[in-house]
Amino acid sequence: MPRSSSSRSKIALVGGGNIGGILAQLACEKKLGDVAIFDINAGVAQGKALDIASSAAVEGFHATLTGSDDPAILRGAEVVIVTAGLPRKPGMSRDDLVESNAKIISSIARHIREQAPEAFVVCITNPLDVMVGHLQREANMAHEKVVGMAGVLDSARFRHFLACELGVSEQDVSAFVLGGHGDSMVPLVRYSNVAGIPLPEIVRMGWTSQETIDAIVARTRNGGAEVVKLMGTSAYFAPAASAIAMAQAYLYDEKRIFPCAAYCKGVYGVEGLYVGVPALIGKDGIEKIVEIELTPQERTLFQESIDAVSALNKVLVALREQGKV
Ligand code: A3D
């Protein structure tokens, strides 16, 4: 019998595949709480729970890990992180996954509503912005408790590429990405800085060139596809680390500002759509969306990204009306 602890938080993972496994390991190593893995493949869920639990003696964490194909395992979770769904294969776009993954998300939403209706839910399943909207709608939970992880990852990639170019630590690079998790995402150069020095100023100083920054912006937009091309499936280490940072911000009321797929109603001119914006995460979930000023050019790029999410959302609505998802 697993030990259980009422004093530890419970983190439920829906999907125990590539990202799910790393999420479980990071949640334990960061001592966030007990971990329950739910997957339609019971063996994978149980096997990963046992494998990670077997590292406790070496890594020095105390957590109960369980795995099951029974959704009751989600009961009472404070955080639920959803990765159930198909990942991309080379040559596929995220949007190609909409029908297959929306069907999966519909069933997951029911489980979360029944087992953990008070949880803070972080969705990672692609195509991210429309899947998190679908999940919130089907689970009928508060918008501020259902959020999508994409911007933390996209910004982390942007920061990594900038850090490599400038020969500095990623920790000293602050940068963020607005918009949907797709090729139209908007890495915001003007709001990015290195130890407080704005990127445009770094270009003026001659530390790097505008052409290099433009190439980094393009590489950030294609960062997911670059990994898919190299390893034949989508990234999982950095996506898991990003979602764990969001879970931790909620559990510890850290009031961190992350770019997240958050529900926008009246901010940035968006009316009722999940899209990537800077959002403050604390004990109440998404506590605030930060609306920054954009230049006309940034605004145009952001609008293109919103339009891309909106167009895919229309595809999803049509599938819903046809009873396909
Ligand atoms: P994978 O390793 O295939 O894991 C998915 C898991 O979901 C598998 O173990 C399946 O058995 C399980 N599953 C499928 N259907 C169900 C169901 N109905 N109930 C419970 N479990 C189920 O994929 P992955 O972990 O590499 O990726 C998961 C998702 O994340 C995919 O949709 C990816 O496209 C997406 N992803 C998003 C990002 C973002 O930045 C948003 C990054 C990388 C991957």
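Each remark here, short or long, concerns the structure printed above.
Rules behind the numbers
Going along each chain's sequence as written, the residues are numbered from 1 onward. Where local features are concerned, this predicted model is filtered to residues with pLDDT of at least 70; where side-chain atom pairs are given and counted, the filter is 80 or more; whole-chain, interface and lining totals use all residues. To get the side-chain values, take all heavy atoms of the structure and skip hydrogens and water. When we say a residue is near a molecule or strand, we mean one of its heavy atoms is within 4 Å of it. As used in this structure description, the phrase polar contact means that two N or O atoms lie within 3.5 Å; if the pair is within protein, one of them must be able to donate a hydrogen and the other to accept it, and residues adjacent in sequence are counted only when both atoms belong to side chains. The Shrake-Rupley method, run with a 1.4 Å probe sphere, supplies the accessible areas, and residue values consider only the shown protein chains as cover. Helix numbers and strand numbers start at the N terminus; a helix is a DSSP run of H or I with at least 4 residues, a strand a run of E with at least 2. Gly is placed with the polar residues, together with every amino acid not listed as nonpolar (Ala, Val, Leu, Ile, Met, Phe, Trp, Tyr, Cys and Pro) or charged (Asp, Glu, Lys and Arg). Aromatic pairing here means that ring centres of Phe, Tyr or Trp (its six-membered ring) are within 6.5 Å. Orientation follows from the plane angle: under 30 degrees is stacked, over 60 is edge-to-face, and everything else is tilted. Residue burial is assigned from relative accessible area. The probe radius is 1.4 Å, only protein chains are included, and a residue is buried under 20% of its type maximum, exposed over 50%, and partly exposed in between. A pocket here means an open set of points on a 1 Å grid, computed over the protein atoms alone, that has protein on both sides within 12 Å along at least five of seven lines. A cavity is instead a set of points where a 1.4 Å probe fits but cannot get out; residues with an atom within 4 Å of a point line either one. Grid points are joined across faces, edges and corners, and a volume is the space filled by probe spheres set on the points. Strand pairing requires that DSSP identify at least two bridges connecting the strands.

A few points about the site of the ligand
In the region of the ligand, 27 residues are neighbours, and Asn18, Ile19, Asp39, Leu86 and Ile124 sit closest. Between an oxygen atom of the ligand and a main-chain N or O atom of Asn18, the distance comes to 2.8 Å. Starting from 870 Å² of accessible surface for the ligand in isolation, the protein chains cover 89%. No other element matches helix 4 (residues 98-115), which puts four residues into the shell around the ligand. Counted by class, the shell around the ligand contains 15 nonpolar, 11 polar and one charged residues.

Some words on the packing of aromatic side chains
By the definition in use, this model includes five aromatic pairs. For the ring pair Tyr268 and Phe302, a centre distance of 5.3 Å and an interplane angle of 85 degrees mean the geometry is edge-to-face. Highlighted residues: Tyr268 in the loop between strand 12 (256-267) and strand 13 (270-282) and Phe302 in helix 11 (residues 296-321), separated in sequence by 34 residues. Each of the two residues, Tyr268 as well as Phe302, counts as buried.

Focus on the layout of surface pockets
The gaps of empty space that remain are located by a probe, the size of a water molecule, rolled over the atoms. Estimated volume of the largest pocket: approximately 670 Å³. Lining of the largest pocket is provided by 37 residues; of these, Thr83, Ala84, Gly85, Leu86 and Pro87 occupy positions nearest its centre. The set of elements that each furnish at least two residues to the lining of the largest pocket consists of helix 1 (18-29), helix 4 and helix 6 (151-166). Tallied by class, the residues present in the lining of the largest pocket amount to 17 nonpolar, 16 polar and four charged.

Description of the pairing of strand 12
The pairing of strand 12 with strand 13 spans 11 bridges and is classified as antiparallel. Residue pairing across strands places Ala262 opposite Val275, the latter belonging to strand 13. The loop that links strand 12 with its antiparallel partner strand 13 comprises two residues; one of these, Tyr268, has a positive phi angle of about 50 degrees.

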